[in-house]
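# A closer look at the structure
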Amino acid sequence: MSFLPYVVAAWICLVGIAGMATSRNLIHLAVCLTVTQSSSYVLLLSVGYVKHGKAPIFVGTKVGSTAADPVVQALTLTDVVVSVAVIALILALALDAHRLSGSVDPDGIADISG
Amino acid sequence: MSRRMRMLVLGPALLGLGALFAWAIAGLPAFGDYRGPYGFVLNRVVVPLRHTTNVVMGTTFDVRGLDTMGEEFILYAALVGVTLLLRDETRSRQAERRTSRLDDDAVRLVGVAMIGGGLLVALWLMAFGYITPGGGFQGGVLAAGAVLLLYLVGSHRDYRPFRNEHFLDPLEAVGAGGYIVIGLAALVSGTAFLTNLFGLGTTGTLVSSGSIALLNWASAIAVSCAMVLLFAEFLETYVVPLEPEDAAS
């Protein structure tokens, strides 16, 4: 089972992509994109895990004792912030698309121009 | 591309990607068998060198401080983008939709209690971010969430003073700009950008970790303001704020 977290990350990514491709609603599409992006959190955190390691926060533990990689945890933080920024823009665009076309179905608004 | 056609392309594409993932996973070291040197090095050197017990925040605001500056401006750029997309000055007043107040007293009571609790936890996450788990980004999002609760359990009129952009816009600029100013202070003093120059203090106390504490607060302010303004932009697409004369009538 030592590969399970990686398999979970791959699964989340694939499910998210499938959701985006089959989506009939822009809000649903944005949520699927977030799901896809979540796979990178799982992957980052699992590659940084050290067996029997604790969180890299040395309060009450000796400095230098086994702990997970703080670099990937900091990267996950960046990842989450980027995800928030992207989802905000996509939702704003979805609202605009709805205002212009009256529809949130990606197929339904494909004909809009300008 | 028709829907049917898209499904026909999607199936093989997902299978192919899944196969590539399987191949990649087969080549990865087993879960927990961490090899890279950086994590081990940072976990040993950050506490003695930077006097911060939260190595993740030490990494975020010191080892890769420049990167975090970019991250803060990603959020800033998203806020500007959303504001430009959603702010529609010509919106007709007929589109106005007034939401009714929440009637359930029990839900309102719990909600109001959660606003205070949420803000308190947010402040704790910000203030102790470089000592225990937390940090400016996490605390900022929670603070903005607590403010949003005010709209959910109260009304837009209760919420509106807390999203006053004449106050939040400059504060956002102070947070985002403060990060750069702290970085430039290091340049002026003759060292590299964002070098940790302020006194390192005592490990494990609020007076520790030098620049990290200040950068943490700068990002806490910037993120709180950015999130409150982001939420407000979305909210006000549907709930047009009452003009003062309407509120009085």
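### Structural notes on the overall build of chain A
Helix and strand content of chain A: three helices and zero strands. Helices (α) and strands (β) of chain A occur, in sequence order from the N terminus, as α-α-α. Over its C-alpha atoms chain A spans a radius of gyration of 19 Å, topping by over 25% the 13 Å that the globule rule assigns to 114 residues. Dimensions of chain A, computed from the C-alpha atoms along their principal axes, are close to 60 × 30 × 20 Å.

### Examining the overall build of chain B
Scanning chain B from terminus to terminus reveals 10 helices and zero strands. Reading the secondary structure of chain B in the N-to-C direction produces α-α-α-α-α-α-α-α-α-α. Considering chain B as a whole, with its 249 residues, one finds that 34% of them fall into the buried category. Pairs at least 24 apart in sequence give 70% of the contacts found in chain B among residues at least 6 apart.

### Observations regarding unusual backbone geometry
Residues and elements named next belong to chain B. Even without being a glycine, His 51 presents a positive backbone phi close to 55 degrees. When you line up the elements, His 51 lands in the loop between helix H2 (37-50) and helix H3 (55-63). Judged by the 24 C-beta atoms lying within 10 Å of it, His 51 is buried. Not every positive phi belongs to a glycine, and Leu 194 is a case in point at roughly 65 degrees.

### Here we look at the environment of Leu 149 of chain B
Residues and elements named next belong to chain B. Relative to the assigned elements, Leu 149 resides in helix H6 (residues 136-153). Considered as a pair, Leu 149 and Thr 195 are 46 residues apart in the sequence and their alpha carbons are 39 Å apart. Every residue in contact with Leu 149, bar those within four places of it in the chain, is listed here: Gly 111, Met 114, Ile 115 and Gly 118.

### Focus on the packing of helix H2 (residues 26-47) of chain A against helix H3 (residues 70-101) of chain A
All names here are of chain A. At a closest axis distance of 10 Å, the pairing of H2 and H3 adopts a crossing angle of 175 degrees. Here H2 is positioned roughly antiparallel relative to H3, judged by the angle of their axes. Here Leu 26, Ile 27, Ala 30, Leu 33, Thr 34, Gln 37, Ser 40, Tyr 41, Leu 44, Leu 45 and Val 47 of H2 lie close against H3, whose contacting residues are Val 72, Gln 73, Leu 75, Thr 76, Asp 79, Ser 83, Ile 87, Ile 90, Leu 91, Ala 94 and Ala 97. Partitioned by chemical class, the residues of the contact of H2 with H3 number 15 nonpolar, six polar and one charged.

### Some details on the packing of H3 of chain A against helix H4 (residues 65-86) of chain B
Across the interface, H3 of chain A lies against H4 of chain B with an axial gap of 9 Å and an inter-helix angle of 10 degrees. Considering their axes alone, H3 of chain A and H4 of chain B lie roughly parallel with respect to each other. Along its contact with H3 of chain A, which presents Thr 78, Val 81, Val 82, Ala 85, Ala 88, Leu 89, Ala 92, Leu 93, Leu 95 and Asp 96 of chain A, the element H4 of chain B presents Asp 67, Glu 71, Ile 74, Leu 75, Ala 78, Gly 81, Val 82, Leu 85 and Leu 86 of chain B. Grouping the amino acids of the contact of H3 of chain A with H4 of chain B by side-chain chemistry returns 14 nonpolar, two polar and three charged.

### Let's talk about the interface of chain A and chain B
The figure often quoted for interface size is the accessible area lost as the parts come together. Across the boundary between the two partners, chain A contributes 43 residues, which contact 46 residues of chain B. Listing elements by their share of the side of chain A that touches chain B, those giving two or more residues are helix H1 (4-22) and H3 of chain A. Looking at the side of chain A that touches chain B element by element, the count peaks at 16 residues for H3 of chain A. Broken down by class, the residue content of the side of chain A that touches chain B amounts to 33 nonpolar, six polar and four charged.

### Regarding the nonpolar core
Formed by 70 residues in total, the largest nonpolar core has its most connected members in Ala 88 of chain A together with Val 223 and Ala 226 of chain B. When residues in this core are grouped by element, the largest group, 15 residues, is from helix H9 (residues 211-238) of chain B. With near-sequence residues (within four places) excluded, Val 223 of chain B lies in contact with Leu 75, Gly 136, Phe 137, Gly 140 and Val 141 of chain B.

### A short note on helix H8 (residues 165-188) of chain B
Residue and element names in this part refer to chain B. The terminal C-alpha atoms of H8 lie 33 Å apart, and with 24 residues this matches the ideal 34 Å at 1.5 Å per residue to within 8%. All of the buried residues along H8 are Glu 172, Gly 175, Ala 176, Tyr 179 and Ile 182. Where H8 ends, the next residue or the one after it, Gly 190, has phi of about 100 degrees, a positive value.

### Notes on the environment of Tyr 151 of chain B
Residues and elements named next belong to chain B. The residue Tyr 151 is located in helix H6 in this model. On the neighbour-count criterion, Tyr 151 (20 C-beta atoms within 10 Å) is buried. The sequence separation of Tyr 151 and Ala 232 amounts to 81 residues, and the corresponding C-alpha distance is 9.9 Å. When residues no more than four places from it in sequence are discounted, the contact partners of Tyr 151 are His 156, Tyr 159 and Leu 235.

### Looking at the confidence of the model for chain B
Residue and element names in this part refer to chain B. Of all residues in chain B, 89% have pLDDT values of 70 or greater, and the mean over the chain is 85. Here helix H10 (residues 244-248) stands out as the least confident element of chain B, with mean pLDDT 46; helix H1 (residues 3-27) is the most confident, with 92. Note on residues 92-96: pLDDT is under 50 here. Beyond four places in sequence and across chains, it has two contacts. Within the model, pLDDT remains below 50 along residues 242-249, and this stretch shows three contacts once partners closer than five positions in the same chain are excluded. Taken together, the chains of this predicted complex give a pTM of 0.84 and an interface ipTM of 0.84.

Cut-offs used in this document
Residues numbered from 1 in each chain as written. Chains lettered and ligands numbered in written order. Predicted model: local features only at pLDDT ≥ 70, side-chain atom pairs only at ≥ 80, totals over all residues. Helix = DSSP H or I, 4+ residues; strand = E, 2+ residues; numbered from the N terminus. Rg over C-alpha atoms; globule rule 2.2 N^0.38 Å. Buried ≥ 20, exposed ≤ 12 C-beta atoms within 10 Å, placed from the backbone. Contact = placed C-beta atoms within 7 Å. Axes fitted to C-alpha atoms, helices over the stretch in contact; angles between N-to-C directions. Parallel < 35°, antiparallel > 145°, perpendicular 65-115°, else oblique. Nonpolar A, V, L, I, M, F, W, Y, C, P; charged D, E, K, R; others polar. Core = buried A, V, L, I, M, F, W, Y, C linked by C-beta atoms within 7 Å. Expected span 1.5 Å × (residues − 1). pLDDT = per-residue confidence, 0-100.

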